[in-house]
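# Observations on the model geometry
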Amino acid sequence: MDNQEFRKQAHKIADWMADFIESIEERPVKSLVQPGEIFRELPDSPPPKSENIEAVMDDVNRIILPGITNWQSPNFFAYFPANSSYPSILAEMVTATLGAQCMVWETSPAAAELEETTMNWLKEMTGIPQGFGGVIQDSASTSTLVAVLSARERKSQFSINDKGFISNVFRVYCSSEAHSSVEKAVKIAGIGRSNLRKIEVDHQLAMDPDKLEAAILRDIKDGFLPTCVVAAVGTTGTVAMDPVTPIARICKKYGIWLHIDAAYAGSAMVLPEYRYLIAGIEDADSYVFNPHKWMFTNFDCSAYFVKDTETLIRTFEILPEYLKTRADSQVNNYRDWGIQLGRRFRALKLWFVIREMGVEGIREKIANHISWARELASQIRVEPGFKLFEPQNLALVCFAIVPDKVKDVEELNRLNLDFLHSLNSSGKVYLSHTKVGGAVYLRMQIGQTNVERKHVQNAWAFIKTESLKYL
Ligand SMILES: *Cc1c(COP(=O)(O)O)cnc(C)c1O
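Summarised in this report is the structure supplied together with it. (Residues numbered from 1 in each chain as written. Predicted model: local features only at pLDDT ≥ 70, side-chain atom pairs only at ≥ 80, totals over all residues. Heavy atoms only, no water.)

### Some points on the sheet that holds strand S7 (residues 302–306)
The sheet built from seven strands is open, its strands ordered S1-S7-S6-S5-S4-S2-S3 with mixed pairing. Each end of this open sheet is capped by a strand with a single partner; those strands are strand S1 (133–137) and strand S3 (196–199). Geometrically, the sheet is characterised by an average inter-axis angle of 20° between neighbouring strands, direction not taken into account. The pairing of strand S2 (residues 170–175) with S3 spans four bridges and is parallel. Pairing of valine 172 across the sheet is with leucine 196, part of S3. Packed onto the sheet, helix H9 (residues 209–221) meets S2, S3 and strand S4 (225–232) and runs at close to 150° relative to S3. (Pairing = 2+ DSSP bridges. Helix = DSSP H or I, 4+ residues; strand = E, 2+ residues; numbered from the N terminus. Axes fitted to C-alpha atoms, helices over the stretch in contact; angles between N-to-C directions. Contact = heavy atoms within 4.5 Å.)

In structure tokens, the structure reads:
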């Protein structure tokens, strides 16, 4: 392809992009293809000779699109959002065009310095203490792994990095509702799943700090080293909120690294009225939230903040001869702030989003999502045959159908999963589910970039109609 052809195709694809987004509501939200269906459509071998982009785009339309679940549909209510937005897409085009690999400052100074700037902006926007250093990781899973590894190194005086494990006495704590990435992190960090203590939760599904302290005291008595606590501000199941202030006090008392996982809920901190949820953060060691969830920035972009950047860098730094540069003492080389060496230029899309929407624009969208979720919750609360999970937090609404005639929990669960399946296979909406105390609840999050009140209300009307088959 030459530059002239590239220009032509780029314009055509830009139109394709705008058409796609404009008509996205006509497509099924959840892909309705069967396993293997796409694979069978694709040739077994690569083409020996050049094909033109038009032919490739024809196949995108014919083969690929039916196998896409439309996360950017305003009728997408499943999981948590993985939002894109117009400014973010434009930035991704620019990023791809630059094609810079931003492992150290010198390999693109603007990438490093824009990353520092956008992370500082996020601190100001969401009430994170200025003393924290910020870095963009690929995902909250990676951010939490980075936190666990930093905690392990601080606790072992950097001896595991040096000598490996001689004996393993490290213990990590999270609530029984914490994200599976905590378990993955302790597995990868060599601490082991059996050294992850899952602390019981209260009736709101928040970690009970007294039970945390009791577990820590027991471990100390048994010769273990309490190393890291992961507090969830907004669990994945129901957006339950672990109480940061008492947990931070306990961590401080016993010299434990406190990592806060606010992967989803962190975006809501643009609204000052929700910052009480992270009160006590100044006593935490690290904090993660995902702009790629609810801050309109294309996957992947996870914002990781850490108080002691020296420990972070000591945990991850490497300095082979071929990576030494003259600027090293004056700049941030983000290769030493995480696991990977090569890094994408992720700050650009965040910068585009914040500038194009403005802090007020971001606030307005998130406040709307929360208020539409509340309105929906108030409707479900009084709807016969429906049960709302409470507390309802931020923009997630969990509910179940509870027909009078069905009393058995397993039968209710089966019924709710059937109900969910029938909603999703309609193509009109996409919801997901969770389990609370053995009971299945449908999860409906309101957070897609272009969702409006009417989408939520239309979905609710559809849910009520469908439920008649089961009630
Ligand atoms: C989504 C989520 C994660 C995982 O996020 P990734 O960026 O996909 O790794 C971790 N913790 C919580 C609470 C989440 O909701």
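That covers the picture; the talk isn't over yet.
### Here we look at the environment of proline 246
Within the element layout of this structure, proline 246 appears in helix H10 (residues 244–254). Separated by 33 residues in the primary sequence, proline 246 and glutamate 213 place their C-alpha atoms 9.9 Å from one another.

### A look at the pattern of salt bridges
Summed over all chains, the structure comprises 25 salt bridges. Note that glutamate 41 and arginine 62 form a salt bridge whose closest N and O atoms lie 3.3 Å from each other. With glutamate 41 in helix H2 (residues 37–41) and arginine 62 in helix H3 (residues 53–64), this pair connects stretches of sequence that are 21 residues apart. Its relative accessible area of 44% is what places glutamate 41 among the partly exposed residues. Two residues, arginine 335 and aspartate 336, come together in a salt bridge whose shortest N-O distance is 2.9 Å. Accessibility assignment for this pair places arginine 335 and aspartate 336 in one class, buried. Via salt bridges that share partners, Glu92, Asp300, Arg344, Arg346 and Lys349 belong to a single interconnected network. (Salt bridge = Lys/Arg side-chain N within 4 Å of Asp/Glu carboxyl O. Buried < 20%, exposed > 50% of the residue type's maximum accessible area, 1.4 Å probe, protein only.)

The analysis is restricted to geometry; functional conclusions fall outside its scope.
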